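A structural walkthrough
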Amino acid sequence: MIIEKLLRRFDISSEREDYIKIHDTVESGIEFKGTNLWILIFAIFIASVGLNVNSTAVIIGAMLVSPLMGPILGMGYSIATYDFSLFRKALVNYLFAIVAGLLTSAIYFYVTPIYQAHSELLARTQPNIYDVIIALVGGLAGIVAISSKNKGNVIPGVAIATALMPPLCTAGYGLATANWGFFFGAFYLLTINTVFIGTATLITVRLLQYPIRDYANEHQKTMANRWVSFLVLLTTIPSIYYGYLLVQKEHFIQNANNFITNESYIEGDFLLKHELDPAKKQIKLIYGGKLINDSEKKRLNSRKAIYGLASTTVIVQQGFSINDVSGDLTQSDRYQAEINQLKTELSRNIQRQDSIGALNKATGLLFNEIKPLFPDVRYCSAERQTFFTNGGKTSNYTVVVLGSANLRQTGRDFTKIKNWLQVRLKSDSIKLYVEKAVP
């Protein structure tokens, strides 16, 4: 009974629009002439300006104005109902719209004095599997809205989410500037949106059992379905590869930032800046302060494997060295060197003050490292604490508490664990406590 009530919430049959009205709505959105054509041209100009000046708000406005969704929905709908004459009409109009859009945006980008590629342009040149998912779900939302009497504001939302205009204009930018990487990347994103919005429309129309609009024999149906399957597969395969590269890049950046946060401190130096190159798997660290010796460089390279960066190259560079200051330098240079040295000391003091917070953040990583070495350890806590004595003296220790499932075995390993912690935390002031792990 409960399941039936739940399923009825997903039932859209009672809200379904009349099939004739749905067909007329789809057909009316296909043609690009008169008003629709001028609206398309204006939308292309708006999107091109937005991309040119890197304005997200302007780009969203262009997507709301654009009538480009109509022919794509028409192609999916016509294949689903085997209305091949409507499909040809939708395809011709869509190709006309693409050519018009490319020429319009290319002309704009050819004459504009602002030719730098901003982030909004770059974002449309590297499509991946996530764009496939967005286009597919957006297409489902679009055709369900058209099929319903309660259309609401879904179609404008789908136009924004699937972003048909920006990749078309970005392709126009690539055409105008002969930047073929931009052109093909953006055109591939446009192809993804086209194929999967159309595919989502086809699937929905078939599932809702729309009436067949035209007669088609079995051979025609088979060929149509095969062509759709082929285009879907051809479009999807590169996106999976690019999605894999995106995930690898994000993992590298996350691991590299963790490495830099926890391991980049060098006594007497401060990190001026760092550069990450995911493609080359390279981390460049540029320091200022005292001259960095080879042992520090080796230490940094020896720690990278802990963060999943075994194949990564860590390059340590000296931005400037206090040792470079000599009597030959001008008074101004000596003052600057002294300022830099003060900055080094200030940075070191700040890092010391933040050591408690950094240690807390690193506790999870510490547990992940100690677990394979001592499997009986169930949890771990580390905190910097100050100990007071009757004489008023204070001592600072890093207090580490381990929860063990086997106290006897961990007790035998106590010395090994403490020695490992001293090396890992780079501190001799370690107080280690072991307790019975709470189930």
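Cut-off values and rules
- Within any chain, residue numbers begin from 1 and follow the written order of that chain's sequence.
- Totals for whole chains, interfaces and linings use all residues, but because this is a predicted model, local features are given only for residues with pLDDT of at least 70 and pairs of side-chain atoms are given and counted only at 80 or more.
- Side-chain numbers here rest on the full set of heavy atoms in the structure, without hydrogens or water.
- When a residue's accessible area, from a 1.4 Å probe over protein chains only, is under 20% of the maximum for its type it is buried; when over 50% it is exposed; and in between it is partly exposed.
- Under the scheme used here, helices are H or I runs from DSSP no shorter than 4 residues and strands are E runs no shorter than 2 residues, and both carry numbers assigned from the N terminus.
- Note that the arc is defined by the directions from the helix axis to the C-beta atoms.
- Note on pairing: two strands pair once DSSP finds at least 2 bridges between them.
- Here, the term nonpolar core denotes a set of buried Ala, Val, Leu, Ile, Met, Phe, Trp, Tyr and Cys residues that are joined through side-chain atoms within 4.5 Å.
- UniProt positions are given in the numbering used here, feature names are shortened, and annotations may be inferred rather than shown by experiment.
- Within 6.5 Å between ring centres, the rings of Phe, Tyr and Trp (the latter by its six-membered ring) count as paired, and their orientation is classed by plane angle as stacked under 30 degrees, edge-to-face over 60, tilted in between.
- Fitting a line to C-alpha atoms yields each axis, with helices limited to the stretch in contact; the angle taken between N-to-C directions then spans 0 to 180 degrees.
- Note that the term roughly parallel is reserved for angles under 35 degrees, roughly antiparallel for angles over 145, roughly perpendicular for angles of 65 to 115, and oblique for everything else.
- Each crossing gets its hand from how the near helix is turned against the far one by less than a right angle, where anticlockwise is left-handed and clockwise is right-handed.
- Contact definition: two residues touch when any of their heavy atoms are within 4.5 Å.
- Side-chain classes follow a simple rule in which Ala, Val, Leu, Ile, Met, Phe, Trp, Tyr, Cys and Pro form the nonpolar group, Asp, Glu, Lys and Arg form the charged group, and the remainder, Gly included, forms the polar group.
- Known as pLDDT, the predictor's confidence for each residue is given on a scale from 0 to 100.
- For salt bridges, the criterion is a side-chain nitrogen of Lys or Arg within 4 Å of an Asp or Glu carboxyl oxygen.

For the protein chain, the name recorded in an unreviewed UniProt entry is DUF389 domain-containing protein, with Dyadobacter chenhuakuii as its organism.

1. Structural notes on helix α4 (residues 56–65)
Listed in full, the buried residues belonging to α4 are Ile59, Ala62 and Met63. All buried residues of α4 fall inside an arc of 100° around its axis, so they share one side.

2. Points about the pairing of strand β1 (residues 269–277)
Pairing geometry for β1 and strand β2 (residues 282–289), over eight bridges, is antiparallel. What sits directly across from histidine 274, in β2, is leucine 285. In this antiparallel pair of consecutive strands, β1 and β2, the connection spans four residues, and lysine 281 shows a positive phi of 50°.

3. Examining the nonpolar core
In this structure, Leu68 and Met165 are the most contacted members of the largest nonpolar core, which totals 55 residues. Among the elements that make up this core, the one with the highest residue count is helix α11 (residues 180–207) (eleven residues). Grouped together as the second largest cluster of nonpolar side chains are 15 residues, Ala256, Ile266, Tyr287 and Leu365 included.

4. Some details on the UniProt feature "transmembrane region" (unreviewed entry) in the protein chain
Cross-referencing UniProt, the feature "transmembrane region" (unreviewed entry) maps to residues 37–53, 59–79, 91–109, 129–147, 154–176, 182–208 and 228–247 in the present numbering. What you have in residues 37–53 is 100% helix and 0% strand, and the ends, taken at the C-alpha atoms, are 25 Å apart. For residues 228–247, helix accounts for 100% and strand for 0%, while the C-alpha atoms at its two ends are 28 Å apart.

5. Side note on the packing of aromatic side chains
Here the distance between the centres and the angle between the planes together describe a pair of aromatic rings. All told, the structure shown has 14 aromatic pairs when counted by the stated rule. Seen from their ring centres, phenylalanine 109 and tyrosine 173 are 5.2 Å apart, and the 85° between their planes marks the pair as edge-to-face. In this pair, phenylalanine 109 sits in helix α6 (residues 84–111) while tyrosine 173 sits in helix α10 (residues 165–177), placing the two residues 64 residues apart along the sequence. According to the relative accessible area criterion, phenylalanine 109 is buried, its value standing at 4%. When its relative accessible area of 6% is taken as the criterion, tyrosine 173 is described as buried. Note on phenylalanine 259 and tyrosine 307: the rings are 5.7 Å apart at their centroids and 80° apart in plane angle, and the pair reads as edge-to-face. Here phenylalanine 259 is found in helix α12 (residues 218–263), whereas its partner tyrosine 307 is found in the loop between α13 (294–303) and β3 (313–321), with 48 residues between them in sequence. Judged by its relative accessible area of 0%, phenylalanine 259 is buried. Owing to a relative accessible area of 6%, tyrosine 307 belongs among the buried residues under this scheme. By way of ring pairs, the aromatic residues Phe45, Tyr108, Phe109, Tyr173 and Phe182 are connected into one cluster.

6. Things to note about the packing of α6 against α11
Remark: α6 packs on α11, axes separated minimally by 14 Å, with the N-to-C direction vectors making an angle of 150°. Regarding the angle of α6 to α11, the classification is roughly antiparallel. For the pair α6 and α11, the sense of crossing is right-handed. On the side of α6, the interface is formed by Tyr94, Ile98 and Leu102, while α11 contributes Phe183, Phe187, Leu190 and Thr194.

7. Here we look at the packing of helix α3 (residues 35–53) against α4
Closest axis-to-axis distance for the α3/α4 pair is 8 Å, and the angle between their directions is 165°. By the angle class used here, α3 and α4 are roughly antiparallel. The two elements α3 and α4 meet at a crossing, and its hand is left-handed. Two secondary-structure elements touch here, α3 through Ile39, Ala43, Ile46, Ala47, Gly50 and Leu51 and α4 through Val58, Ile59, Ala62 and Val65. Of the residues contributing to the contact of α3 with α4, the split by class is nine nonpolar, one polar and no charged.

8. Side note on the confidence of the model for the protein chain
For the protein chain, per-residue confidence averages 80 on the pLDDT scale, and residues scoring 70 or more make up 84% of the total. Within the protein chain, the element-level pLDDT minimum falls on helix α14 (residues 331–353), averaging 59, and the maximum on α6, averaging 90. Below pLDDT 50 for its whole length, residues 325–329 participates in six contacts with residues either more than four positions away or in separate chains.

9. Comments concerning the sheet that holds strand β4 (residues 377–388)
Across the sheet, which stays open at both edges, the three strands sit in the order β4-β5-β6 with mixed pairing between neighbours. With one partner strand each, in any of the chains shown, β4 and β6 (430–436) form the two edges of the open sheet. Across the sheet, the axes of successive neighbouring strands diverge by a mean angle of 20°, strand direction being ignored. As paired strands, strand β5 (residues 394–404) and β6 are joined by seven bridges and run parallel to one another. Pairing of valine 399 across the sheet is with lysine 431, part of β6.

10. Topic: the pattern of salt bridges
For the structure on display, the rule yields ten salt bridges. Linking lysine 33 and glutamate 31 is a salt bridge whose minimum nitrogen-to-oxygen distance equals 3.2 Å. The exposed category is assigned to lysine 33, whose relative accessible area is 58%. With a relative accessible area of 26%, glutamate 31 lands in the partly exposed category. Across the pair arginine 424 and glutamate 369 runs a salt bridge, and its minimum N-O distance is 2.6 Å. Highlighted residues: arginine 424 in helix α17 (residues 414–424) and glutamate 369 in helix α15 (residues 355–373), separated in sequence by 55 residues. For the pair arginine 424 and glutamate 369, one class covers both residues: buried.

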